[in-house]
Each structure stands twice: as structure tokens, then as C-alpha cells.
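Results of the structural survey
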Amino acid sequence: MTIRLFDTAAREVRDFTPITPGEVGIYLCGATVQAPPHVGHLRPVIAFDVLRRWLTRRGLKVTLIRNVTDIDDKVLAKSAAAGREWWAHAALYERVFTEAYDALGVIPPTYEPRATGSVPEMVGIMDRLVEKGHAYSTGAGNVWFDVRSWPAYGELTRQKVDDLSPEEGAEVVAGSAAEAKKNPHDFALWKAPKPGEPESASWDTPYGRGRPGWHLECSAMARRYLGETFDIHGGGLDLRFPHHENEQAQSRAAGYGFAQRWMHVAWVTQSGVKMSKSLGNGLLVSELLSQAPAPVVRYALAAVQYRSMLEWSPDTLDEARTTWERLSGFVTRASERVGDVPAEEIAKAEVPEAFAVAMDDDLNVPQALAVVHEHLRAGNSALASGTDAAVRDELVTLRAMLDVLGLDPADPQWATSTDDRYATALDGLVAAELKARAEARAAKDWATSDAIRDRLAAAGIEVQDSADGARWTLS
Ligand SMILES: [Zn+2]
């Protein structure tokens, strides 16, 4: 069993061997908390959640760091526009992001550092870079990384500084700061406050007062929580350049091994165009959660292999819903027949070899889902004509596979009711109606039995008859 993952830096699928046997350190670039999340923000987070669940099931101890960028140009601009303190604005949207992650069943990261909590570590890296001649200050809080001082600059995205257009990846800075840079592609490690920016948004450094550049934030947090050299660094595809290129250049120039491999998650597109708020086609997570149950949204985001673009169409949620209902329907019926299976048993259960092969192959979720569907069919035929033992086997196998995808229908995460008392009361009332209907049917009183069925239908309750008696669902 070898886990193979695509490495953006090597541009090929490579065997994954952790630096420390049995352990994996992962750094995932988290949200810049300045506005509510859309599905494009959630896709990489869900892809890394699946990666983490799979590595864990493979017996590895995973440390996952996902940061919160709580200070940067956008946070300052948006908070000013909203008339809030920048830190209050960041805290507000950090909570909105957390709610979205929780709603979609994302396991919380091992640590979730805020950038503003690692300022001394950022200054430490900056000091090393200045000392080694890879960074220079142009006075008054501006410090730049000198890309020409680092011959490996561009290695992650296989570009040479000379081949970059002046605008590509270059930071837009105004006036004297721009003129003072040695090279248009030198990027900011530290930025002097702009006129009108709040005093609380800058920190003292040996190079003057200012605030960190975005790239330096991630380099500092990765080193602080995962060490100088760690296994996997990832994020959305659009972060490869300049963000990840710059992170790698400054960390390695400072003398750290940094990430041993890079994983990038493709975009969510609409009509082939990357979804983003600036295009006006952003689909907010809150909006989708009002259109479909949370596991349906998660299924839609998780079902496509992470390196393929996910084309979001009006049918995406409907298709996910149909599949989810088939999966959860089987789990409900099978559990009713053979009883609930404890979560510990699901966590320890073996997944089918074909499923493992698919997941080991760069997280080939579509192929893994094909195995899930084979077992769904086998489970349904076991329900129709098999033994209880056969039903239970398929239930355990299916739930174990779905658990890897964060989509086990019996996970309490997906319990629909927020208040058990309503569910209990409804259950009792519907059971009484179904009992009366069964008695009417036994007495061949079809008028009464149909009337009960219609009454339930009018209340939004659908009745299905099966060999084991009548079952009901909300329609
Ligand atoms: Zn980052």
C-alpha cells in the first residue's frame, strides 16, 4: 500500500513518504476573513478534509494547520468601508467561515492560528533574510524580498524572473515605495501603513512600523506549528503564484527546508469561468445551505477529483441530492433492520481493496464512489433477499467508505433536527396515524386508509409501504 499524490512542484504523481514515519504535517492556506465564503472557498477545505480522513484511516497521525489571515489589505479596506474596527471585522467573518466549515462536516484543524498571533515569528524570518542579503528595507517600514538574490526563485511554478511580465505577480504599490524596489517582482515582507490606516494595524520592527505581507504570514505560521521542514503544503490553484512561490522562496532563502510537496485544488467554475465574487457569480455557502441539506452540498463539492475543475450548474445540487438520498436511504433501512453500528466499529472497519486503491491513487474520489455504488447495489439486494448478516456487512462497509469522504449518513453531524423534542413528538403522531392506517387496511377499509395517507401527504409526510411495514419520510 503506497499512497501516491500529485506534487505541483514535481508536476507528477509521486509516492508519498512522510518525513517522520507514521506522521504527517500539512499546512493549508486558510481564509482571508473579509467577506462570507462561497463554494470556491470551501472546495479546497473539503478536499484537504478528505485527504486528512484518508491518511488517518491509513494509520497516519495527521497534524493539519489551517490559518486565518486576519490582517491584510482587503481586511483593512473592507472593515473601513463597513465602519468597523479591522479586528472586529475579521472576527465576524472568521466566525462565519467556521460556521460554514462546521455545517459541511469539516473536521476542525489541529491548530488554527491567526496571522496576528505570529508577528514575532514573522519578524524573525525577516531578520534572517536581511542578514543573508535576500531582503532589504527601503525605509519607513517597507521591507522587500529580493527575488534576484535567490536563484531558485520561480522553481515551484517553473518560471524565470526574466520571463515574468512586469505585472505578473508583482505587487501593486504606490509612489515612492514602488520606485525604491530593486526589481518589479520583489515582494513585500513588511508594509508601511498607508495614510488613514488605524494605528492598531501596525507593529514595530527594526525596519520601522508596519504590517506583515500575506506571504510572510504563512511562512511564519507553517514554521511555527510544523517545523522548518514539513510534508505537504496546499491550497486553491490560484495560490500557486505568487503566494506559494513567494512563501517557498523566502522560507528556503531563510534556511528552512519548508514544504516537501505541494497540492493544489482546482477551481469551481460556472460555464467554464472561475467562480469569484468579482465576476458576480459567487455562490455563497449560506445560500446553498438554504437550497439543500448540508451533506448534499458537501457531496457536490467532494465528488469530483480535486485536480479537476468542478463545473457548477443548476443540476449540480439536484444530482448530489439524488445520490445522497439513495445512500442515506439504504443506511436508514439497513440500520432499522440490523440495529445501529457503533461509530468505533465504522472507524476501524476495513474498506474494500478497490476503494483503497482509488484513494491511494491521488485521491481518485470518482473511482472510489464507483466502489461505493457497487456496495450500495449489493446492500439493497441484501435488504431485499439477504440475511441480516449480509445487510450488516454491507452497512458497515458502505458507512466506512462514506466516512472517508465525510459523508457517513449515520454520522451525528448530519442529524437533521436541531431539537429532539420536535422529532420525538412528530414521530409519535405519525406512528399513531400509520397504526390507524394499518388497522384500516387490515379491515379492508380502503376509504379510511386512503384518507389517512392523504392527510399525511398534505402535512408533507410521504408514506412508503414495504415488506417490513409502512415507512415515512418528509417529502
Ligand atoms: Zn498562505
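Residues numbered from 1 in each chain as written. Predicted model: local features only at pLDDT ≥ 70, side-chain atom pairs only at ≥ 80, totals over all residues. Heavy atoms only, no water.

1. Regarding the coordination of the zinc ion
- Here the zinc ion is held by C29 (SG), C218 (SG) and H243 (NE2), and the distances to it run 2.0 to 2.1 Å.
- Counting gaps between the donor residues of the zinc ion yields the pattern C-x188-C-x24-H. Separated by 189 residues along the polypeptide, C29 in the loop between β3 (23-28) and α1 (39-57) and C218 in helix α6 (residues 214-226) bring together distant segments of the chain. Considered together, C29 and C218 belong to a single accessibility category, that of buried residues. (Donors = N, O, S within 2.8 Å, 3.2 Å for Na, K, Ca; no water. Helix = DSSP H or I, 4+ residues; strand = E, 2+ residues; numbered from the N terminus. Buried < 20%, exposed > 50% of the residue type's maximum accessible area, 1.4 Å probe, protein only.)

2. Comments concerning the sheet that holds strand β12 (residues 273-274)
- Overall, mixed pairing links the three strands, which are arranged β12-β11-β13 in an open sheet. Looking at strand neighbours, the two that pair on one side only are β12 and β13 (310-311), the edges of this open sheet.
- Bridge analysis of strand β11 (residues 268-270) against β13 gives two bridges, and the strand direction is parallel. Bridging from a neighbouring strand, T269 pairs with E311 of β13. (Pairing = 2+ DSSP bridges.)

3. Concerning helix α10 (residues 316-338)
- Taking 1.5 Å per residue, 23 residues should reach 33 Å; α10 reaches 33 Å between its end C-alpha atoms and fits that length.
- Within the sequence span of α10, burial applies to T316, L317, A320, T323, W324, L327, S328, G329, F330, V331, A334 and S335.
- Contact partners of the buried residues in α10: α8 (285-291), α9 (294-302), β13, α13 (365-385) and α14 (388-404). (Expected span 1.5 Å × (residues − 1). Contact = heavy atoms within 4.5 Å.)

4. Examining the environment of V463
- Counting through the fold element by element, V463 comes out in strand β14 (residues 461-466).
- Residue V463 is classed as buried on the basis of its relative accessible area, which comes to 6%.
- Considered as a pair, V463 and R453 are 10 residues apart in the sequence and their alpha carbons are 7.0 Å apart.
- When neighbours within four sequence positions are excluded, V463 is seen to be in contact with L434, R437, R453, L456, A470 and R471.

5. As for the pattern of salt bridges
- Going through the model one piece at a time under the given rule, you end up with 30 salt bridges.
- The partner of R209 in a salt bridge is D204, with the nearest N and O atoms 3.2 Å apart.
- With a relative accessible area of 28%, R209 lands in the partly exposed category.
- Put simply, K435 and E439 hold a salt bridge, and the shortest N to O gap is 3.3 Å. You can see K435 and its partner E439 sitting in helix α15 (residues 420-442), four residues apart, about one turn around the helix.
- Accessibility expressed as a relative area gives 46% for E439, which makes it partly exposed.
- Taken together, the shared-partner salt bridges in this structure form one network comprising D49, R53, R57, R298 and D403. (Salt bridge = Lys/Arg side-chain N within 4 Å of Asp/Glu carboxyl O.)

6. Focus on helix α12 (residues 353-360)
- Every buried residue belonging to α12 is among F355, A356, A358, M359 and D360, and all of these are buried.
- The secondary structure elements touched by the buried residues of α12 are β1 (4-7), α1, α13 and α14.
- Following α12 by one or two positions, D362 adopts a phi angle in the positive range, close to 55°.

7. Quick look at the side chain of E217
- Among the secondary structure elements, E217 is positioned in helix α6.
- Despite being buried, E217 has no salt bridge partner; R211 is the closest side chain of opposite charge, sitting 6.9 Å away.
- For E217, the contacting residues outside a window of four places in its chain are T69, I71, A115, M122 and P212. (Lys, Arg positive; Asp, Glu negative; His and termini not counted.)

8. Things to note about the pairing of strand β10 (residues 258-265)
- Judged by how many residues are buried, β10 sits mostly within the fold: seven of eight residues are covered.
- Bridge analysis of strand β9 (residues 229-236) against β10 gives seven bridges, and the strand direction is parallel. The residue bridging G236 from the neighbouring strand is V265, located in β10.
- Each parallel crossover has a hand, and the one from β9 via helix α7 (residues 240-253) to β10 is right-handed. (Right-handed = clockwise from strand over helix to strand, strands pointing away.)

9. Looking at the nonpolar core
- W312, F355 and M359 are the most contacted members of the largest nonpolar core, which has 130 residues in total.
- Ranked by the residues each element gives to this core, the list is headed by α1, at 10 residues.
- When sequence neighbours within four positions are dropped, the list of residues in contact with W312 reads V39, V268, T269, Q270, M275, L283, L288, A300, L301 and L317. (Core = buried A, V, L, I, M, F, W, Y, C linked by side-chain atoms within 4.5 Å.)

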